[in-house]
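Letter by letter, the chains look like this.
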Amino acid sequence: MESFSMSLQCLEAGLCGRPLPKDTLHNSSRRTAPATPASRLRLLSAYHQEASQAPRHLHDSAAPRRTSVELKGLCRSLATSASPEAALEQPGTDREQISVVMKFGGSSLASAERIREVASIICSFPEHYPCIVLSAMGKTTNLLLQAGAEALRVAPGGVPSLAPLRTIRELHRRTAAELGMGSREDIEGLLSEVQQLLVGISIMQELTPRAQDSLVSFGERLSTRLFASYLRSQGVATRQHDAFSIGLTTTDDFQNADVLYEDTLPAIKAALTRPPGAPKAIPIVTGFLGRGINTGAITTLGRGGSDLTATVIGAALGVDEVQVWKDVDGVLTSDPRIVREAQPVPLLTFDEATELAFFGATVLHPSAMQPAMQHSSLDVRVKNSYNRKAAGTLISRERDMTDVLMTSIVLKTDVTLLDIVSTRMLGQFGFLAQVFNVFRDNKVSVDVVATSEISVSLTLDPSKIWERDLIEEEIESLTSAFGDFAKVSCTHRVSIISLICNVAKTSRILERVFRVLGQENVNVKMMSQGASKTNISLIVADAEARNVVQALHNEFF
Ligand SMILES: Nc1ncnc2c1ncn2[C@@H]1O[C@H](COP(=O)(O)OP(=O)(O)O)[C@@H](O)[C@H]1O
Ligand SMILES: N[C@@H](CC(=O)OP(=O)(O)O)C(=O)O
């Protein structure tokens, strides 16, 4: 254990480790000219080669459970290339301020074994002073949501034995024990607080969006305390922060709050900037959570919102790179659950990543690129915590599109399609404005739109509908809101297939797309080319969608 403690201490002091090729991180403190896409590709492949020479157990997700003795070996193997003295001479080994934000999602934190792996990943970037953003462990957020729903169906006395609550309790206690930490007061305190909240929900027989956000916040509050304690037990100075206590301020839209950047960025910068001479500690910050500006209550940033927390913190601190560590080799050419042979995409622009996330690729939060695009000059790198050797995906402002045709194929299912036809004469003035006023007044988001002079076809964002328990009822009230100025027909269960592609080559792309659709005997209900110039959307029936995605993937990759 001592050796691992030492290595992590060295990491904290910026002394230890097998330095990765500096430029591969694209965030050295000595960054000079921005790397061109081609040079970044070369650097990515250099990193790939270098990393693949590391011991097998560093990247093999099937490797046996690592004991502390093995962990010692791992840290030693990371510290082979330089003596502390030599390492000191390298740039970035003695950072005064945070130089990188690293976010680890639930899948990277599913067990004690994964938590050890995350610690060793952090250890493998000795040239950086990291800020760590964590999601809840494994499926804890889903379990908390289930516990909330079940609390409404049981008497208060039945709450302590609710199955999801028991699973959460056991997971955190077992993990703490397996990490050698035994019973921890802070963890036990939060576990009893979450139980009290569930009892309250059961007594009130009410689960408001506000209470639900407080409820799910326990996932990240638990994981960050557990991880910070673990690193401390290994000799690394850490400081746990709840993002809502260090100034991450949002609107009061519970369950899907928007970050208020003017308030948030300076507050986070002040909270996480180390005063000169103060002892160094790695901040471990809750992802996903904020504080509502008017209510002062805990809010959440939408499912998968920890990616956004990471980029918000990165923008506040002015770092060059935010790394989001997942369970896949980067952003892939399609959802691997639909297309097994999907491949990593090495480079993406922020626009492409945003479209991809918005149209259904759950790998990134749809707003996560916003701080990078609007409030800083950072890049985002998607990496695999189960396979460090994989180069990952580098997301930046621009890339060379000369040779790009198709980048990724994304599927969003269970969408509702509305066809809205004017009942008035051709060329009716203000028809489109009237249509969109109805959506504004009903606060319903629209995904894909296609228009003619007297009709509009559009799809409704299923996540927004689901969050507000709309579905049938709300769609009915929405359609009646069109009154007598339009006739509305509604088709449920359609899918949006979004082709994230080089729209400058539309003719070549569509010629191949329609050939495939013809071969598959599939009829497209609607088509739209995004204003962002990175996306062509096709609307097809749900039942046909997965086959179409697979067939298009075969065609283009
Ligand atoms: N285009 C895509 N590229 C990569 N992963 C995708 C894509 N579309 C969907 N996914 C899914 O996203 C998952 C990773 O996102 P997520 O589970 O939110 O990670 P984390 O919880 O670690 O932040 C993958 O396991 C994969 O199943
Ligand atoms: N725990 C939250 C926030 C999050 O970002 O999670 P993940 O990084 O595991 O997708 C969720 O499940 O939505």
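Treat the numbers as computed from the prediction; the structure is a model and nothing was measured.

Novice: What is the right way to look at the state of the cysteines in this model?
Specialist: Covalent bonding between the sulfur atoms of two cysteines defines a disulfide. A full pass over the atoms with the stated rule returns 0 disulfides. The thiol of cysteine 131 is not disulfide-bonded; the next cysteine sulfur, from cysteine 123, is found 18 Å away. Here cysteine 131 falls in the buried class, since its relative accessible area comes to 0%.

Novice: Would you explain helix H18 (residues 542-556) in this entry?
Specialist: In an α-helix there are 3.6 residues to a turn, and that puts residues three or four apart on one side. Counted at 1.5 Å a residue, the expected span for H18 with its 15 residues is 21 Å, and the 21 Å between its end C-alpha atoms agrees. Along H18, the residues classified as buried are Ala545, Val548, Val549, Ala551, Leu552, His553 and Phe556. Buried positions along H18 lie against strand E12 (406-422), strand E15 (486-501), helix H17 (506-520) and strand E17 (535-541).

Novice: What exactly am I supposed to notice about the site of ligand 2 here?
Specialist: With respect to spatial proximity, the complete set of residues near ligand 2 consists of Lys103, Gly105, Gly106, Ser135, Ala136, Thr141, Glu220, Phe288, Arg303, Gly304, Gly305 and Ser306. Here arginine 303 contributes a side-chain N or O atom positioned 2.7 Å from an oxygen atom of ligand 2. The contact in question runs from an oxygen atom of ligand 2 to an N or O atom on the backbone of glycine 304, over 2.9 Å. Against a free-state accessible area of 340 Å², the protein chains account for coverage of 83% of ligand 2.

Novice: What should I look at first to understand the packing of aromatic side chains in this one?
Specialist: For any pair of aromatic rings, the description consists of the separation of the ring centres together with the inter-plane angle of the planes. Going through the model one piece at a time under the given rule, you end up with 4 aromatic pairs. Among the aromatic residues, those joined into a ring-pair cluster are Phe104, Phe125 and Trp325. Here arginine 221 stacks its cationic end above the ring of phenylalanine 218, 4.4 Å away from the centre of that ring. The cationic tip of lysine 280 hangs over the ring face of tyrosine 129; the distance from NZ or CZ to the ring centre is 5.0 Å.

Novice: Before we go on, may I ask you to explain the nonpolar core in this structure?
Specialist: Nonpolar side chains in soluble globular proteins tend to be buried together. Grouped together as the largest cluster of nonpolar side chains are 80 residues, with contacts concentrated most on Ile313, Leu364, Ile395, Ile497, Leu499, Val513 and Leu552. Of the residues forming this core, the biggest block, 7 residues, is contributed by helix H11 (residues 306-317). Dropping the residues within four chain positions of it, isoleucine 497 is found in contact with Ile409, Val410, Leu411, Ile536, Ser537, Leu538, Val540, Ala545, Val548, Val549 and Leu552. Within the second largest apolar cluster, 49 residues are counted, among which are Ala147, Leu162, Leu226 and Tyr230.

Novice: So what exactly am I meant to see when it comes to the confidence of the model for the protein chain here?
Specialist: Detailed conclusions should not be drawn from predicted coordinates in areas where pLDDT is low. For the protein chain, per-residue confidence averages 81 on the pLDDT scale, and residues scoring 70 or more make up 79% of the total. Note that pLDDT drops below 50 for residues 1-93; the model gives that stretch 167 contacts with residues more than four away or on any other chain. Scored by ipTM, the complex comes to 0.98, with pTM at 0.81.

Novice: What's the story with the site of ligand 1 in this structure? I'm lost.
Specialist: Taken together, the neighbourhood of ligand 1 is formed by 18 residues, with Lys103, Ser107, Lys326, Asp327 and Leu332 sitting nearest. The contact in question runs from an oxygen atom of ligand 1 to an N or O atom on the side chain of aspartate 327, over 2.8 Å. Here a nitrogen atom of ligand 1 sits 2.9 Å away from a polar atom, N or O, in the main chain of leucine 332. Contact with the protein chains covers 84% of the free accessible surface of ligand 1, which is 570 Å². Of the residues assigned to the shell around ligand 1, the class counts are 7 nonpolar, 6 polar and 5 charged.

The rules behind the values
- Residues numbered from 1 in each chain as written.
- Chains lettered and ligands numbered in written order.
- Predicted model: local features only at pLDDT ≥ 70, side-chain atom pairs only at ≥ 80, totals over all residues.
- Heavy atoms only, no water.
- Disulfide = S-S within 2.5 Å.
- Buried < 20%, exposed > 50% of the residue type's maximum accessible area, 1.4 Å probe, protein only.
- Helix = DSSP H or I, 4+ residues; strand = E, 2+ residues; numbered from the N terminus.
- Expected span 1.5 Å × (residues − 1).
- Contact = heavy atoms within 4.5 Å.
- Near = heavy atom within 4 Å.
- Polar contact = N/O pair within 3.5 Å; in protein donor to acceptor, adjacent residues only side chain to side chain.
- Areas by Shrake-Rupley, 256 points an atom, 1.4 Å probe, with all protein chains shown as cover.
- Phe/Tyr/Trp six-rings, centres within 6.5 Å; stacked < 30°, edge-to-face > 60°.
- Lys NZ or Arg CZ within 6 Å of the ring centre and 35° of its normal.
- Core = buried A, V, L, I, M, F, W, Y, C linked by side-chain atoms within 4.5 Å.
- pLDDT = per-residue confidence, 0-100.
- Nonpolar A, V, L, I, M, F, W, Y, C, P; charged D, E, K, R; others polar.

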